[in-house]
Amino acid sequence: MAVAETQGDVRYVEVAVPAHTDQLFTYSVPAELSDRIRLGQRVWVPFGSRRITGIVMRVTDRTDLPQERIKAVADVLDLVPSLTPDLIELCLWMRDYYFCTLGEAIATVLPAGMMHRTRTVCELVREPAEPEWEELRKTAPLQAELLERIVTDHVRSASVLARKLPGKSVYAALARLAEKGFLRLAMEFSPGKASPRTERLVELDPLLRANGKCQEIIRTLEKRAPKQAEILSILAEQEDQVPVRTLLSYAKTGLQTLARMREKGWIRLRRRTVYRDPYAAEEIEPPEELTLTDEQQRAVDQIRGAIESGSYAAFLLHGVTGSGKTQVYIEALKKARELGKSAIVLVPEIALTPQMVRRFRSHFGDEVAVLHSRLSEGERFDAWQLLRRGQKSIALGPRSALFAPLENLGIIVVDEEPEMSYKQMDTAPRFHARDVAIMRAYMNQAVIVMGSATPSVESYYNARIGKYTLLELTRRIDEIPMPKVELVNMTREPRPDGKMPVFSRLLKEKIEEKLQAGEQVILLQNRRGYAPLLVCKECGFVETCRNCHISLTYHLAGHRLRCHYCNYSKTAPEVCPKCGGVNLVYRGRGTQRVEQEIRSLFPHARVVRMDLDTTVRKWSHDRILSAFGRGEYDILLGTQMVAKGLDFPNVTLVGVVTADFGLFFPDFRAPERTFQLLTQVAGRAGRKGKQGEVVIQTFSPWHFALICASQHDYRAFYEREIRERYSLGYPPFGRLIAVHFRGRSAEETSRVARDFAGRLRKLAHNFTVVGPSPAPLGRLRGMYRWQLLTRQLRRVDPTAAEMRTAVKTVYEELVEEARRRHVSVAIDVDPVSLM
């Protein structure tokens, strides 16, 4: 989308506002703002009886609306547009593809609060000399008045200045002062939301420096005010401003000294914003000198060639665990940076971010900015600003890093591309970061590299048919052998006390062997808590959540039962609430119970648990993994967050406590997810010259997903899975759209769902409607859940245009009626979960 050329004195802008609407609102542009309006800027506009922040989506020189209906833009809030042209185009595409509003797409792309809770602040760079003051007062009186208020009254907030001077284009005048070098403008969160970090600076008054009287004043102060003399001496030797804290510490004095000196006109105090980088204090080791393998070099050469060509290209990097995929990413980014292009690196888990930050910063230093949800709002916003200003050129992080405001984008890397965490499921737009990354790369004529040891069936199929270029790394670095994997049939394990043991005989033997050898162990149990069920043996009663159709999980801490969906909790009963019986038992096992068993069987082992309960605090992931990497623990036990991307040279054994969890979920992707999880966690063993071993405990050793994972045979798994997908018409051979219905009334929710399905079937000539039916989790957080699924075969309509049109038509017909019935309707294009 290009900015229209101006052909008259009046221009118009079409503005998106933070409201639940797709409509763009037309505003006229006052003459004093006409040369400042840019695509993607935030603007201050009248909206009804109030003024709100909007985003300029289009600039034009004409409109068909009558002039009396058009209001004027009140001011421009951005010096640099908040949205780059490609992000505007991406928002429009997301709106159309994912059936969301433009406001929802923009809210996803911008940092939280930018449409509501940010303010522009003014930092004085220098005061005008007297001739400059006279020129400003004569030619730009508003600029002169603003500068006088900033200098004299020490006002920093642009919004405060705008309130003091109502009806004037304060932001535009401040922008002109910034262009002239008097001010520096910055954005920060409004106080009380995410406090900005600032530091105070002090400098010698320029007139005192210019007139040569500084040394004379110092001599007169040496006896009666030695601290003031010392401060003047220090400042006289400094060309730049000095942090107040540093100066006071050196001179061993306090703020009152500076206050007196300021009153006398000898010094000037300023305040500037300090950008927060939570990773800045980390010691980054220099990168290892590595020689690429032949396979790595071939992959790097192809990716570099595509970057140099300046045209869109998509690569699927399929490499076994430990084959050096990350180094391929790094070498590709080096080429992009050589050409002056920026880059985005997506990782699926926050737990992986610190390791990736260290790895990439060892090569690219401070060029790397990190964006993820565990950072504070202020830290994320600071990183976003540095990327927007071009002060950093590589964005790294989970899903949200995809929307980094980078110019001249050269490459996007999507590490572990099949991960479910790349899909936003709870709020609109329900986008998949991998798919949006492909579109952003295409819009920028950039390169995208998707990597995994276990690519999604859809991505591998796309590579097989030539939509992506397939790059393969079939061997581990230094020819290290793949770990030996053994499947243990738990149905054949002895039960001396009538209970199923947590650990098989083989796994216990292997853990003991590794502990005695001074080696480390990773154990996977993909279920947190102590036990997922509390059951009365006398009447069969099971404690369930009052808000959800799900059993409560027992947690040792506080003797609590907790719902992992809505976080409802209660004290675990001592007697059955239904029959009063005392024979209550805990069934199943979570990470807490496994940890208890480890400590019982191996009392001398140092064990650390990593799950959602132990990683609530900021930096918890990094502290646990760093301590394990330093050898402070022998056994790392965790959920799926320990399965991917971790590289610990002393880990020689991986144990999977229960491999069947999730394998038989009512979702066609369940076998694929199980295969991916087991293959990934197995790859953590034997990474650096030591033979790795893996023990997988299962009740289903005959299942093809487990057999293929035990043999590291992705190709065999893919060939069987793709045949089943073809016969059922599931992706990649069919396009899916799920429609979800949520309401507090079971009757109203089912009624809306059935009405929607009935209307949709009347339009379904070339696609199938499945359902509606209660969702597998029929009630969550107090809301009843129904869903239906539509499917259209690609061979019938590759774009699924008929299905998409029909779903949109019925949605628009019924959405208002559904709201009146207090039922929400959500459309999920390309769903990754049917739960």
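Above: the structure in question.
An account of the accompanying structure is given in this report. (Residues numbered from 1 in each chain as written. Predicted model: local features only at pLDDT ≥ 70, side-chain atom pairs only at ≥ 80, totals over all residues. Heavy atoms only, no water.)

1. Considering unusual backbone geometry
Turning to step 1, where the next piece is worked out: That bond from Ala428 to Pro429 is cis: its omega, -5°, falls within 30 degrees of zero.
Turning to step 2, where the next piece is worked out: Inspection of the secondary structure puts Pro429 in the loop between β16 (409–415) and α16 (433–443).
Turning to step 3, where the next piece is worked out: Of note, the bond from Pro731 into Pro732 is cis; its omega dihedral lies within 30 degrees of zero at 15°.
Turning to step 4, where the next piece is worked out: Mapped onto the fold, Pro732 is located in the loop between α23 (714–728) and β30 (734–743).
Turning to step 5, where the next piece is worked out: If you check the backbone angles, Phe99 has positive phi at about 55° while not being a glycine.
Turning to step 6, where the next piece is worked out: With respect to the helices, strands and loops of the structure, Phe99 is situated in the loop between α1 (85–98) and α2 (102–109).
Turning to step 7, where the next piece is worked out: Even without glycine at this site, Arg781 takes up a positive phi of about 55°.
Turning to step 8, where the next piece is worked out: For Arg781, a relative accessible area of 48% translates into the label partly exposed. (Helix = DSSP H or I, 4+ residues; strand = E, 2+ residues; numbered from the N terminus. Buried < 20%, exposed > 50% of the residue type's maximum accessible area, 1.4 Å probe, protein only.)

2. Observations concerning the pattern of salt bridges
Turning to step 1, where the next piece is worked out: Here the structure, examined in full by the defined rule, presents 54 salt bridges.
Turning to step 2, where the next piece is worked out: With a closest N to O distance of 3.6 Å, Arg475 and Glu295 form a salt bridge. Here Arg475 is found in the loop between β18 (469–473) and β19 (484–489), whereas its partner Glu295 is found in helix α12 (residues 294–309), with 180 residues between them in sequence.
Turning to step 3, where the next piece is worked out: The closest approach of N and O atoms between Arg388 and Glu407, which form a salt bridge, is 3.3 Å. (Salt bridge = Lys/Arg side-chain N within 4 Å of Asp/Glu carboxyl O.)

3. Some words on the sheet that holds strand β31 (residues 768–780)
Turning to step 1, where the next piece is worked out: Taken together, the four strands give an open sheet; going across it, the order is β31-β32-β30-β33, and neighbouring strands pair in antiparallel fashion. Both edges of this open sheet fall to β31 and β33 (823–829), since each of them pairs with a single strand only. Across the sheet, the mean angle separating the axes of adjacent strands is 20° when strand polarity is ignored.
Turning to step 2, where the next piece is worked out: With seven bridges joining them, β31 and strand β32 (residues 783–793) adopt antiparallel strand pairing. (Pairing = 2+ DSSP bridges. Axes fitted to C-alpha atoms, helices over the stretch in contact; angles between N-to-C directions.)

4. Side note on the pairing of strand β29 (residues 693–698)
If a strand is regular, its side chains alternate between the two faces of the sheet.
Turning to step 1, where the next piece is worked out: With six of six residues buried, β29 is to be regarded as a mostly interior element.
Turning to step 2, where the next piece is worked out: Residues Glu693, Val695 and Gln697 of β29 are buried on one face, and the alternating residues Val694, Ile696 and Thr698, pointing to the opposite face, are buried as well.
Turning to step 3, where the next piece is worked out: Pairing analysis gives six bridges linking β19 to β29, with the strands arranged parallel. What sits directly across from Lys484, in β29, is Glu693.
Turning to step 4, where the next piece is worked out: Viewed along the sheet, the connection from strand β28 (residues 651–656) through helix α21 (residues 670–682) into β29 turns out right-handed. (Right-handed = clockwise from strand over helix to strand, strands pointing away.)

Read these as layout, nothing more, since geometry by itself doesn't imply function.
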